[in-house]
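What follows is the residue order along each chain.
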Amino acid sequence: RQEEEGATLCRKLDYQELTPCLIEITAVWEKMLSSQQREVDEDGMEKQETDKENTVSPDELLECVKKGVPRSLRGQIWLFLIQQRQQMGGSASDNSYSDANYDDLLKQLTTHQHAILIDLGRTFPNHPYFSTPLGPGQLELFNLLKAYSLLDTEVGYCQGLSFIVGVLLMHMEEISAFHVLKYLMYGLGLRKQFRPNMTALQLKLYQLTRLLHDHYKDVYDHFEAHEISPTLYAAPWFLTLFASQFPLGFVARVFDMVFVQGIDALFKVALMLIGNHRALILQCDTFESIVDFLKITLPEMVQVQMERIINQAFELDVERELRAYEVEYYVLSEEITFSSTRQHQQQQQQQQQIQKQDTGTTTEARFPRIEKRRMSIDLEMLYRLENQNRALKNQNQELVEKLQVRMFC
């Protein structure tokens, strides 16, 4: 039995670390984990006592994560980081999902079954734990995605979730992975970007664009000149936490950052990825070459570069900027909506005046007068505002269509 469990663990953790964790750092983690008194709740989730004496300071946790997380202990450490963050009140809480029983959810049927089954073979197809059709890995993946789709009916199942779940299953048991997924989605607010309107994802893409504008203006201008939308390259980064395109060693370090610094870590990694390859990006002189570089060449960078990017991302502080960009995004959205509504109302009033003045006029005499009034309207402004409003309303649908075509290819 122990040999089977050991073989399964080897298959799960079959990826190359960026930098193997030093023995001294591993010993620190082992001591930190062993000092916590653990118990297992009825759902199988490890719980730690909330004694303040067992709470580790955020700065100490951050320094430990920066120095490295041993692959063999990574799942336990993620659980430990979550519990420490919750004890210190470092994540939002939502009790609406906490009472859901995993086994009860698995007994139910989901309307997303077909979509989940289709994506099983597309999720880490070359990883030994998930490569066997309907093998243990794919079955766990299906169970977890099914359970979450029933738990969160608003989100249900979306492409991208399978990669996040797959990474969790590589590092921990199925039941623990389910609880960690709930923490990511509800506790850290990741579910917002998977809602049907995808407004939160649009906000993230806007924030990344503004970061590029303020930190790497030449890259921003280059993207603008070649019509490179962040949807084309950054949407899968946010939706899968980089797991759909980048090596697992790099992805594991991104998850390390998220569990200690929150979702803002994704922006820091994305900004450092682009910033470190600024010169190469600027050398790409066509739409196709830029997209190919961001989607194909970038994920194939050498491990030394990946480790440097992670280290730089740890030191970057963009929290204030992100909050300012968020306010800016919503103000601009409201202004566009208000301007369009106001212009529409003015147009209706003008049409009503025309109809009122032309009452009783013959059809032959009315047409020239109507045409003359129409020509007096500022058509350029009208069309611009209408197009802005239409673009805002249709952006969600366009985003979904683009993601389906481009995201996972």
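Note that this is a predicted model, so its numbers are computed, not measured.

Structural notes on a nonpolar patch on the surface
Okay, step 1: Among the surface-exposed residues, Leu-117, Leu-134 and Leu-139 lie close enough to one another that they form a single nonpolar patch of about 270 Å² accessible area.
Okay, step 2: Mapped onto the secondary structure, Leu-117 falls in helix 6 (residues 113-120).
Okay, step 3: The exposure class of Leu-117 is partly exposed, given its relative accessible area of 39%.

Digging into the environment of Lys-268
Okay, step 1: The residue Lys-268 is located in helix 15 (residues 264-276) in this model.
Okay, step 2: Put simply, Lys-268 and Glu-319 are 51 residues apart on the chain and 9.7 Å apart in space, counted from C-alpha to C-alpha.
Okay, step 3: The contacts of Lys-268, once residues within four sequence positions are left out, are Met-257, Gln-261, Ala-313, Phe-314, Leu-316 and Val-318.

What about helix 14 (residues 248-261)?
Residues spaced three or four apart along an α-helix face the same direction, because each turn holds 3.6 residues.
Okay, step 1: For helix 14, which comprises 14 residues, the first-to-last C-alpha distance of 19 Å matches the rise-based estimate of 20 Å (1.5 Å per residue) to within 8%.
Okay, step 2: With 13 of 14 residues buried, helix 14 is to be regarded as a mostly interior element.
Okay, step 3: Looking one or two places after helix 14, you find Gly-262, whose phi comes out positive at around 90°.

Let's talk about the pattern of salt bridges
Okay, step 1: Applying the stated rule across the entire model yields 14 salt bridges.
Okay, step 2: Between Arg-253 and Asp-256 there is a salt bridge, with the nearest N and O atoms lying 3.1 Å from each other. Of this pair, Arg-253 and Asp-256 both sit in helix 14, 3 residues apart, which is roughly one turn of that helix.
Okay, step 3: Here Asp-256 falls in the buried class, since its relative accessible area comes to 0%.
Okay, step 4: Between Glu-326 and Arg-323 there is a salt bridge, with the nearest N and O atoms lying 3.6 Å from each other. Residue Glu-326 and its partner Arg-323 are located together in helix 19 (residues 319-357), separated by 3 residues, close to a single helical turn.

A closer look at the confidence of the model for the protein
Okay, step 1: For the protein, per-residue confidence averages 84 on the pLDDT scale, and residues scoring 70 or more make up 75% of the total.
Okay, step 2: Considering each helix and strand of the protein separately, the mean pLDDT is smallest for helix 20 (residues 363-376), with a value of 45, and largest for helix 8 (residues 161-171), with 98.
Okay, step 3: Low confidence marks residues 39-44, where pLDDT is under 50. Its contacts with residues over four positions away, or in another chain, come to 12 contacts.
Okay, step 4: Note on residues 362-382: pLDDT is under 50 here. Beyond four places in sequence and across chains, it has 14 contacts.

Section: unusual backbone geometry
Okay, step 1: Positioned with a positive phi, Leu-134 is a non-glycine residue whose angle comes to about 55°.
Okay, step 2: Along the chain, the position of Leu-134 falls in the loop between helix 6 and helix 7 (136-151).
Okay, step 3: Backbone geometry places Glu-227, a non-glycine residue, at a positive phi of 55°.

Quick notes on the packing of aromatic side chains
Okay, step 1: In this structure the tally under the stated criterion is 18 aromatic pairs.
Okay, step 2: Ring centres of Trp-78 and Phe-259 lie 5.1 Å apart, and the angle between their planes is 40°; this geometry places the pair in the tilted category. Of the two residues, Trp-78 is situated in helix 4 (residues 74-87) and Phe-259 in helix 14; the sequence distance between them amounts to 181 residues.
Okay, step 3: Judged by centre distance (5.3 Å) and plane angle (80°), the ring pair of Phe-124 and Phe-163 falls under edge-to-face. Here Phe-124, found in the loop between helix 6 and helix 7, pairs with Phe-163, found in helix 8; they are 39 residues apart in sequence, far enough to count as distant. Phe-163 shares its class with Phe-124; the two are buried.

Let's talk about the nonpolar core
Okay, step 1: Counting residues in hydrophobic clusters, the biggest one holds 118 residues, and the most contacted among them are Trp-29, Tyr-233, Trp-237, Phe-242, Phe-250, Phe-259 and Leu-273.
Okay, step 2: In terms of residues, this core owes the most to one element, helix 14, which gives 10 residues.
Okay, step 3: With sequence-adjacent residues up to four places away left out, Leu-273 is seen in contact with Trp-237, Phe-242, Phe-246, Phe-250, Leu-298, Met-301 and Ile-309.

Section: the packing of helix 8 against helix 14
Okay, step 1: For the pair helix 8 and helix 14, the least separation of the axes is 11 Å and the interaxial angle reads 90°. Between helix 8 and helix 14, the interaxial angle falls into the category roughly perpendicular. Contacts between helix 8 and helix 14 involve Ile-164, Val-167, Leu-168 and Met-170 on the former and, on the latter, Leu-248, Val-251, Phe-255 and Phe-259.
Okay, step 2: Per-class residue counts for the contact of helix 8 with helix 14 are 8 nonpolar, no polar and no charged.

Thresholds, definitions, all that
- Residues numbered from 1 in each chain as written.
- Predicted model: local features only at pLDDT ≥ 70, side-chain atom pairs only at ≥ 80, totals over all residues.
- Heavy atoms only, no water.
- Patch = residues over 30% accessible without salt bridge, like charges linked within 9 Å, V, L, I, M, F, W, Y side chains within 5 Å.
- Areas by Shrake-Rupley, 256 points an atom, 1.4 Å probe, with all protein chains shown as cover.
- Salt bridge = Lys/Arg side-chain N within 4 Å of Asp/Glu carboxyl O.
- Helix = DSSP H or I, 4+ residues; strand = E, 2+ residues; numbered from the N terminus.
- Buried < 20%, exposed > 50% of the residue type's maximum accessible area, 1.4 Å probe, protein only.
- Contact = heavy atoms within 4.5 Å.
- Expected span 1.5 Å × (residues − 1).
- pLDDT = per-residue confidence, 0-100.
- Phe/Tyr/Trp six-rings, centres within 6.5 Å; stacked < 30°, edge-to-face > 60°.
- Core = buried A, V, L, I, M, F, W, Y, C linked by side-chain atoms within 4.5 Å.
- Axes fitted to C-alpha atoms, helices over the stretch in contact; angles between N-to-C directions.
- Parallel < 35°, antiparallel > 145°, perpendicular 65-115°, else oblique.
- Nonpolar A, V, L, I, M, F, W, Y, C, P; charged D, E, K, R; others polar.

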